[in-house]
Amino acid sequence: MALRTEHDKGGNLHKYLDIGGKRFPLVIKEDIIRNIPNVKLREDDVIICGYPRSGTHWTFELTSMLLIGRDETVPVWKGKAMLSQVKERDLDLVSSPRVLNTHLFYEDLPRDVITLRNKIVYVLRDPRDVAVSFYHFYIANKAGMGYDGTWGDFLELFINGKVQWGSWCEHVKNFEEVIKTKRHDQQILVMNYEDTKQNPTESVKRLSDFLGLSRNDELCSRIAEKCGFKNMAVDKLNYTLLSDNRDIIYRKGVVGDWKNIFTVAQSEMFDRLLAHNMADSELVKRYITEPSSLRV
Ligand code: A3P
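Residues numbered from 1 in each chain as written. Predicted model: local features only at pLDDT ≥ 70, side-chain atom pairs only at ≥ 80, totals over all residues. Heavy atoms only, no water.

A. Summary view of the sheet that holds strand β5 (residues 99-102). A sheet is described by the order of its strands in space; here 4 strands give the open sequence β5-β4-β6-β7, paired in parallel fashion. Each having just a single partner strand, β5 and β7 (188-192) make up the two edges of the open sheet. Shown here is a sheet whose adjacent strand axes are inclined to one another by a mean of 25°, direction ignored. The pairing of strand β4 (residues 46-50) with β5 spans 4 bridges and is parallel. Note on β5: the bridge partner recorded for Cys 49 is Thr 102. Helix-sheet contacts for helix α8 (residues 168-180) involve β4, β6 (119-124) and β7, and the interaxial angle to β6 is about 140°. Strands in contact with helix α10 (residues 200-210) are β6 and β7; relative to β7, the strand with the most contacts, it is inclined by about 170°. (Pairing = 2+ DSSP bridges. Helix = DSSP H or I, 4+ residues; strand = E, 2+ residues; numbered from the N terminus. Axes fitted to C-alpha atoms, helices over the stretch in contact; angles between N-to-C directions. Contact = heavy atoms within 4.5 Å.)

Structure below.
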């Protein structure tokens, strides 16, 4: 493991931990990361996967409530069941059914996932909103993240896959490949942030069916309501991540916040990134707008 520092375009220092050639936040412990492949899973473990700031807390809450069968706030922070954060012996103390979660790539998951075929929920969000949300997270948590650059300089790091947790494009491609090739017959449900926002009850029903629970419409609707952004931002106040005594998980919870911050040039740069890197991606199609340079 090595602490790496580099400068962004504006000269601001950006730091990350290099573990096995991958980029991690500074708070991560190497022994936990190295042990993840060996972590013993249980058959009924569900694993929430997704790039940071894609809506993984929301999905954790929806999944947990569905499993419990009640629309009651889950009195725990998602981080307490995070593979990269918690020692295996502490994960062992979490009672079943566990909702484990991670920002890791598929091949870095516990090896048991192949034999046990645990259900995986992959959370996907418009990468422009992810970038904006991630920037705010970095800045709200300057001490923890070790970065104090501008939005424009951060965006370049994001686009080049140089932020902590690495490249958004590579993350999505990685899971899409597993889905497409039906690798290990893995059971993966993709939940798009925007769909859950637009049609929360429908998304909760889909999730319920995927989990094999078939909860009734009324419960799905109550869970969707209970996990609405405004409710969660209040209900989870004791079970969130704080920096300077301020919650840094629940910020705005909207679709399209990127339009408030991207310049036209930044938007075009992003279009080009997606058009070039993700042209073959079915999952990302919905987020690609034709680069203006190609527009007639
Ligand atoms: P914003 O910063 O755009 O508001 P993650 O949980 O993967 O870290 O993602 C955090 C993002 O999801 C933040 O986005 C946060 O506000 C948003 N979020 C958290 N709970 C939500 C909810 N119940 N509904 C909608 N968005 C939510």
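Still more ground to cover, so stick around.
B. Representation of helix α5 (residues 127-140) within the structure. Here α5 is 14 residues long and its end C-alpha atoms lie 19 Å apart, about the 20 Å a rise of 1.5 Å per residue gives. Those residues of α5 that sit buried are Pro 127, Arg 128, Asp 129, Val 130, Ala 131, Val 132, Ser 133, Phe 134, Tyr 135, Phe 137 and Tyr 138. Summarising the contacts, the buried residues of α5 are in contact with β2 (13-19), α6 (142-145), α7 (151-159), α8 and α13 (264-277). (Expected span 1.5 Å × (residues − 1). Buried < 20%, exposed > 50% of the residue type's maximum accessible area, 1.4 Å probe, protein only.)

C. Representation of the sheet that holds strand β1 (residues 2-7) within the structure. If you walk across this open sheet you meet the 3 strands as β1-β2-β3, and the pairing is antiparallel. Each of the sheet's edge strands pairs with one partner strand only, and the pair in question is β1 and β3 (22-24). Mean inter-strand twist for the sheet, computed between neighbouring axes without regard to direction, equals 45°. One ladder, built from 6 bridges, connects β1 with β2; its direction is antiparallel. Counted as the bridge partner of Arg 4 is Tyr 16 from β2.

D. Structural detail: the nonpolar core. With 84 residues, the main nonpolar core has Ile 120, Phe 134, Phe 154, Phe 158 and Trp 168 as its most contacted residues. By residue number, the principal contributor to this core is α5, which donates 7 residues. When residues no more than four places from it in sequence are discounted, the contact partners of Phe 158 are Tyr 51, Pro 127, Val 130, Ala 131, Phe 134, Val 163, Trp 168 and Phe 270. (Core = buried A, V, L, I, M, F, W, Y, C linked by side-chain atoms within 4.5 Å.)

E. Structural detail: the packing of aromatic side chains. Evaluated as defined, the whole model comprises 19 aromatic pairs. With 4.5 Å between their ring centres and 20° between their planes, Tyr 122 and Phe 175 make a pair best called stacked. Within this pair, whereas Tyr 122 is found in strand β6, its partner Phe 175 is found in helix α8, the two being separated by 53 residues in sequence. Lying across the ring of Phe 210, Lys 119 places its NZ or CZ 5.9 Å from the centre. (Phe/Tyr/Trp six-rings, centres within 6.5 Å; stacked < 30°, edge-to-face > 60°. Lys NZ or Arg CZ within 6 Å of the ring centre and 35° of its normal.)

F. Molecular detail of the site of the ligand. Neighbouring residues of the ligand: 18 residues in total, closest Thr 56, His 57, Ser 133, Tyr 193 and Lys 252. Residue Lys 252 places a main-chain N or O atom 2.7 Å away from an oxygen atom belonging to the ligand. Across the complex, the protein chains shield 99% of the 570 Å² of accessible surface that the ligand would expose by itself. Of all the secondary-structure elements, those providing two or more residues to the shell around the ligand are α2 (56-68) and α12 (229-235). Ranked by residue count, the leading element in the shell around the ligand is α2, at 3 residues. Looking at the shell around the ligand, its residues break down into 7 nonpolar, 7 polar and 4 charged. (Near = heavy atom within 4 Å. Polar contact = N/O pair within 3.5 Å; in protein donor to acceptor, adjacent residues only side chain to side chain. Areas by Shrake-Rupley, 256 points an atom, 1.4 Å probe, with all protein chains shown as cover. Nonpolar A, V, L, I, M, F, W, Y, C, P; charged D, E, K, R; others polar.)

G. Focus on the pattern of salt bridges. Inspection of the entire model under this criterion finds 24 salt bridges. As a salt-bridge pair, Glu 30 and Arg 34 come within 2.9 Å of each other at their nearest N and O atoms. Taken together, the residues span about one helical turn, with Glu 30 and Arg 34 both in helix α1 (residues 30-35) at a distance of 4 residues. Look at Glu 30 and you get partly exposed, because its relative accessible area is 24%. In this structure Arg 34 comes out as partly exposed when scored by relative accessible area, which is 48%. Salt bridges here are not isolated pairs; linked through shared partners, they connect Lys 22, Glu 107 and Asp 108. (Salt bridge = Lys/Arg side-chain N within 4 Å of Asp/Glu carboxyl O.)

Keep in mind these values describe shape, not function.
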